[in-house]
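Chain and residue survey
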Amino acid sequence: MAKKKTKFMCNDCGYESAKWMGRCPGCGNWNTMVEEVEVVSKGPRGAFQHSSSTTQKAVPLINVETMEESRIVTDMGELNRVLGGGIVQGSLVLIGGDPGIGKSTLLLQVSALLSNKGQRVLYMSGEESVRQTKLRAERLGVKSEELFIYSETNLEFLNNTIEEVQPKFVVVDSIQTVHHPEVTSAPGSVSQVRECTAELMRIAKTKNIAIFLVGHVTKEGQIAGPRILEHMVDTVLYFEGERHHNHRILRSQKNRFGSTNEIAIFEMLQGGLKEVLNPSEMFLQERSQGAPGSTIVASMEGTRPILVEIQSLVTPTSFNYPKRMATGVDQNRVQLLMAVLEKRMGMMLQAQDAYIKVAGGVKLDEPAIDLAVLTSIVSSFKDQAVRGTDVFIGEVGLTGEVRRVSRIEQRVQEAAKLGFKRAFIPASNIGGWDFPEGIQVVGVDTIGESLRGCFNDI
Ligand code: TYD
Ligand code: MG
């Protein structure tokens with residue numbers, strides 16, 4: 001007995017309501033309620049369904065045996081690291097990114113690597129035909145008997161095909177194109193995405209196979225469809241990069257089986273994606289040494305230090321209200337640093353536009369980059385370059401003090417390894433570790449001390 005039901009649902013938090021509202025009472029966001037038409041053909045609601053096969057007993061915690069999750073370790077070391085040591089069996093991983101960034105390419109390559117090692121893979125594509133996928137595979141040089149391609153959008157058939165093929169690893173490309181036959185709303189809508197994800201989760205857990213889901217990202221950079229999708233899956237990875245640059249960054253946003261903040265860097269080449277094993281070298285390649293406004297920071301990305309260039313352009317403003325723009329760093333943080341410079345160093349930045357950019361499209365969000373951002377602003381403002389072999393590490397406080405940061409030794413080591421000659425670091429970070437050879441370590445307590453070390457008329 002099918003019954004037609006109309007309701008409204010929040011795209012962000014899944015709040016349900018019988019009527020449309022401009023502002024969601026659940027999460028307080030505006031314009032997130034969308035209409036959902038759903039045909040419910042289930043039995044009476046409210047009654048729990050008992051099934052002996054799925055009933056679990058509560059057990060005392062001390063009796064639970066701990067076991068490492070079993071992981072499939074791929075030949076792609078960077079992907080393993082972002083996932084926390086390999087693909088966890090029975091996990092559901094969502095990989096989001098702009099169209100054309102290379103999600104399908106990445107997953108087809110992972111599929112190829114796994115199938116080459118004898119693991120059976122099922123690649124379900126609702127976006128491309130079997131032939132198109134084959135063409136891409138040819139371009140990537142994929143040849144394996146264990147890789148199965150399947151062009152379908154009905155999730156029910158996927159279930160059957162999994163029974164038939166018995167894969168260890170499944171790719172669903174993309175969640176916005178598949179549909180659940182029992183839900184009548186259009187593919188990509190809130191209920192479709194939610195039901196399909198729940199079904200895929202169930203398949204992953206009961207059959208103990210790893211499933212990778214592709215999700216497109218909207219203009220605002222969020223995964224299209226409901227945000228609850230991110231809450232449902234085990235791991236969320238974002239694949240980012242600038243279309244006109246070759247390199248791509250795979251970032252872990254949520255991971256039930258490992259740490260987040262890890263990033264992996266790839267290069268998109270003719271023959272597919274290639275891992276970048278030394279990212280600092282790549283990020284510094286294009287740097288023009290001796291240019292005012294450019295500084296280098298050693299920032300921790302997960303467990304690994306990466307050296308990145310920060311660029312600033314500070315110019316007199318032609319408007320009443322100076323412009324502040326930041327790409328790759330937090331704009332509020334930049335404003336704060338500029339205010340510190342005005343107050344503590346007496347620099348007249350009120351009438352200056354400031355554009356700050358992290359080169360290479362990397363996003364940095366740790367306080368240890370403050371000193372490098374601040375120095376880069378001063379360098380552009382004074383039109384004086386810092387030495388090309390200087391690196392800056394430190395958090396800046398409101399009184400102009402340079403504060404201690406984590407993992408200083410690793411950061412300085414990475415800088416020394418790449419040939420940097422001088423590192424400005426917080427004085428409180430000195431002690432308890434040995435300086436690497438070939439690099440002069442300058443401990444500073446305040447921004448004044450640090451700036452006087454690099455510019456001659458401060
Ligand atoms: P694709 O994986 O289709 O992106 P998504 O699935 O995220 O939408 O990647 C498409 C882009 O990648 C396309 O612009 C062509 C480029 N590309 C290469 O540069 N080299 C390759 O070997 C492949 C397969 C694609
Ligand atoms: Mg694709």
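Summarised in this report is the structure supplied together with it. (Residues numbered from 1 in each chain as written. Chains lettered and ligands numbered in written order. Predicted model: local features only at pLDDT ≥ 70, side-chain atom pairs only at ≥ 80, totals over all residues. Heavy atoms only, no water.)

Let's talk about the nonpolar core
Among the nonpolar cores identified, the biggest contains 43 residues, and Val329, Leu341, Ile356, Leu364 and Val373 are the most heavily contacted of them. Elements with a minimum of two residues in this core: β13 (263-269), α7 (279-285), β16 (304-316), α8 (331-345), β18 (352-358), α9 (370-382), β23 (440-444) and α11 (447-454). Considering each element in turn, this core owes the most residues, 6 residues, to α9. Two domains each donate at least three residues to this core, and these are domain 2 (70-277) and domain 3 (282-452). Leu341 has contacts with Gly346, Met347, Leu349, Leu374, Ile377, Val378, Ile447 and Leu451, leaving out every residue within four places of it along the chain. Within the second largest apolar cluster, 32 residues are counted, among which are Ala112, Phe169, Ala210 and Ala264. (Core = buried A, V, L, I, M, F, W, Y, C linked by side-chain atoms within 4.5 Å. Buried < 20%, exposed > 50% of the residue type's maximum accessible area, 1.4 Å probe, protein only. Helix = DSSP H or I, 4+ residues; strand = E, 2+ residues; numbered from the N terminus. Domains from an automatic or database assignment. Contact = heavy atoms within 4.5 Å.)

A short note on the packing of α9 against α11
When two helices pack together, their arrangement is captured by the angle between the axes and the distance separating the axes. At a closest axis distance of 11 Å, the pairing of α9 and α11 adopts a crossing angle of 50 degrees. Here α11 runs oblique to α9, going by the angle between their axes. Regarding α9 and α11, the two cross each other, and that crossing is right-handed. Where α9 abuts α11, its residues Leu371, Leu374, Thr375 and Val378 lie against Ile447, Ser450, Leu451 and Cys454. (Axes fitted to C-alpha atoms, helices over the stretch in contact; angles between N-to-C directions. Parallel < 35°, antiparallel > 145°, perpendicular 65-115°, else oblique. Left-handed = near helix turned anticlockwise from the far one by under 90°.)

Things to note about the sheet that holds strand β9 (residues 169-173)
Two pairing modes exist for strands in a sheet, parallel and antiparallel, and in both the strands are linked by backbone hydrogen bonds. Strand order in this open sheet of 9 strands is β8-β7-β9-β10-β6-β11-β12-β13-β14, and the pairing throughout is mixed. The open sheet has two edge strands with one neighbour each: β8 (147-151) and β14 (272-275). Averaged over all neighbouring strand pairs, the angle between strand axes comes to 25 degrees, with direction disregarded. Relative to strand β10 (residues 210-216), strand β6 (residues 92-97) is paired through 6 bridges, and the arrangement is parallel. Across the sheet, Leu92 pairs through a bridge with Ile211, a residue of β10. Its contacts with the sheet put helix α2 (residues 103-116) on β6, β7 (121-125), β8, β9, β10, β11 (235-241), β12 (247-255), β13 and β14, and the angle it makes with β7 is roughly 160 degrees. Strands β6, β9 and β10 of the sheet are contacted by helix α5 (residues 190-207), whose axis makes an angle of about 160 degrees with β10. (Pairing = 2+ DSSP bridges.)

Here we look at the site of ligand 1
Around ligand 1 sit 16 residues, and of these Gly100, Lys103, Ser104, Thr105 and Gln270 come closest. Within the backbone of Leu269, an N or O atom sits 2.8 Å from a nitrogen atom of ligand 1. Starting from 560 Å² of accessible surface for ligand 1 in isolation, the protein chains cover 76%. When residues of the shell around ligand 1 are traced back to their parent elements, those giving at least two are α2, α3 (130-139) and β13. (Near = heavy atom within 4 Å. Polar contact = N/O pair within 3.5 Å; in protein donor to acceptor, adjacent residues only side chain to side chain. Areas by Shrake-Rupley, 256 points an atom, 1.4 Å probe, with all protein chains shown as cover.)

Purely spatial values, then, with no claim about function.
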